[in-house]
Amino acid sequence: MKSILLIGLGKFGRHIARELNKLDAQVMAVDHDEEKVNEVLPIVTNAQIGDSTNAAFLKSLGIKNYDVCIVTIGDNFQNSLETTSILKELGAQLVVSRATEDVQAKFLLRNGADEIIYPEKQLAKWVAIRYTSKHVFDYIELDSTHAIFEVSVPEDWQGKSIGQIDIRRRYNINILAVKDGNQINATVNPDTVLSESETMLVLGELKTLQKCFRI
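Below is a short write-up of the structure.

Conventions we followed
- Residues numbered from 1 in each chain as written.
- Predicted model: local features only at pLDDT ≥ 70, side-chain atom pairs only at ≥ 80, totals over all residues.
- Heavy atoms only, no water.
- Helix = DSSP H or I, 4+ residues; strand = E, 2+ residues; numbered from the N terminus.
- Rg over C-alpha atoms; globule rule 2.2 N^0.38 Å.
- Buried < 20%, exposed > 50% of the residue type's maximum accessible area, 1.4 Å probe, protein only.
- Contact = heavy atoms within 4.5 Å.
- Areas by Shrake-Rupley, 256 points an atom, 1.4 Å probe, with all protein chains shown as cover.
- Lys, Arg positive; Asp, Glu negative; His and termini not counted.
- Charge placed at Lys NZ, Arg CZ, Asp CG, Glu CD.
- Axes fitted to C-alpha atoms, helices over the stretch in contact; angles between N-to-C directions.
- Parallel < 35°, antiparallel > 145°, perpendicular 65-115°, else oblique.
- Left-handed = near helix turned anticlockwise from the far one by under 90°.
- Nonpolar A, V, L, I, M, F, W, Y, C, P; charged D, E, K, R; others polar.
- Pairing = 2+ DSSP bridges.
- Salt bridge = Lys/Arg side-chain N within 4 Å of Asp/Glu carboxyl O.
- Right-handed = clockwise from strand over helix to strand, strands pointing away.
- Expected span 1.5 Å × (residues − 1).
- Polar contact = N/O pair within 3.5 Å; in protein donor to acceptor, adjacent residues only side chain to side chain.

Bringing the overall build of the chain into the picture now. Along its length, the chain carries nine helices and eleven strands. For 215 residues, the compact-globule formula gives about 17 Å, and the C-alpha radius of gyration of the chain, at 22 Å, lies well above that figure. In terms of overall dimensions, the chain has C-alpha extents of about 65 × 35 × 30 Å along its principal axes. Out of the 215 residues in the chain, the part that is buried amounts to 40%. When contacts within the chain are restricted to residue pairs at least 6 apart in sequence, those whose partners lie at least 24 apart make up 52%. Summed over its atoms, the accessible surface of the chain is roughly 12400 Å², and 49% of this surface lies on carbon and sulfur atoms. The centroid of the 24 positive side-chain charges in the chain is displaced by 6 Å from the centroid of its 29 negative side-chain charges.

Following this line, the structure appears as structure tokens:
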């Protein structure tokens, strides 16, 4: 079970706290706003009111004991930057900081952040792809060149087996699973026959997927 320090309890921070609670993670939540701290108390292991730009306060939390420190401060970039820098100076193992634009990401990475999260940017990209294509139902970006899409079965693939279509050789795409409603078949093989009612989880290079499925 991982130990998480979550700093910043705005809307995004509270959403993360709820998801971490579902995973039974040990979470210390921090914010300068008492009301926000009290709101998350029922769903985190512990919570404290404090100024995350104060090195003495952060040091008192035992930064080295956390597997991950997540900085989700969204309303004050200077505070986010200072918090990120202090965490790294205090020996944080892994610092993940929130950015809303590329220039913020550059400064955060230079000042101690190990990884950057872009909630608005990532969601905007997901929405754009999801709702400009009728046959795309979900999208996960793995890196700058690879992704996983949930797509409907193309009409000329329906009623054929994966082996007949020869998807991997012809298109350089891997079918990870097939979904029919809420039922997922993750043991697909060359004999698996695709039907109109199903969707596929496909993995490949982003450009290849976009070309193959006309995304």
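Still to come is the rest of the account.
Between two packed helices, what matters for the description is the angle formed by their axes and the separation of those axes. Contact geometry for helix α4 (residues 77-89) and helix α5 (residues 102-110): axes closest at 9 Å, N-to-C directions at 25°. In this view, α4 runs roughly parallel relative to α5, as classed from their interaxial angle. Considering only the axes of α4 and α5, their crossing is right-handed. Between α4, through Phe 77, Ser 80, Leu 81 and Thr 84, and α5, the contact on the second element is made entirely by Gln 104, Phe 107 and Leu 108. A class-by-class count of the residues in the contact of α4 with α5 yields four nonpolar, three polar and no charged.

So, on to the sheet that holds strand β9 (residues 174-180). Strands sit in the order β7-β8-β11-β9-β10 across an open sheet of five strands; the sheet is antiparallel. Among the strands making up the open sheet, the edge pair consists of β7 (136-141) and β10 (183-185). Looking at each pair of strands side by side, their axes are set apart by 20° on average, direction ignored. Most of the contacts of helix α6 (residues 119-132) go to β7, to which it runs at about 150°, and overall it touches β7 and β8 (146-152).

All chains considered together, the criterion is met by six salt bridges. Between Glu 39 and Arg 14 there is a salt bridge whose closest N-O contact spans 3.4 Å. Placement of Glu 39 in helix α2 (residues 34-40) and of Arg 14 in helix α1 (residues 11-22) is noted, with a sequence separation of 25 residues between them. Measuring nitrogen to oxygen at the nearest pair gives 2.6 Å for the salt bridge that ties Asp 166 to Arg 169. Residue Asp 166 is classed as partly exposed on the basis of its relative accessible area of 26%. Taken together, the salt bridges that share partners define one network made up of Arg 14, Arg 18 and Glu 39.

Turning to the pairing of strand β5 (residues 95-98), a few remarks are in order. Residues of β5 alternate between two faces, with Val 95 and Ser 97 on one and Val 96 and Arg 98 on the opposite face, all of them buried. By the bridge criterion, three bridges tie strand β4 (residues 68-71) to β5 in an arrangement that is parallel. When the sheet's bridge partners are listed, Val 71 is paired in β5 with Ser 97. Note on the crossover from β4 through α4 to β5: the handedness is right-handed. Considered for its hand, the β-α-β crossover made up of β5, α5 and strand β6 (residues 115-117) is right-handed.

Further remarks concern α4. For α4, built from 13 residues, the straight-helix expectation of 18 Å at 1.5 Å per residue is met to within 8% by its first-to-last C-alpha distance of 18 Å. Residues of α4 that are buried: Ser 80, Leu 81, Thr 83, Thr 84, Ser 85, Ile 86 and Leu 87. Near the N-terminus of α4, the side chain that reaches the backbone nitrogen of Gln 78, with its oxygen 3.2 Å away, is that of Asn 76. Where α4 ends, the next residue or the one after it, Gly 91, has phi of about 90°, a positive value.

With that settled, consider the side chain of Thr 199. Structurally, Thr 199 is set in strand β11 (residues 199-205). Of note is the side chain of Thr 199, whose polar atom sits 2.9 Å from the side chain of Glu 150.

As far as function goes, none of this settles anything; it's purely spatial.
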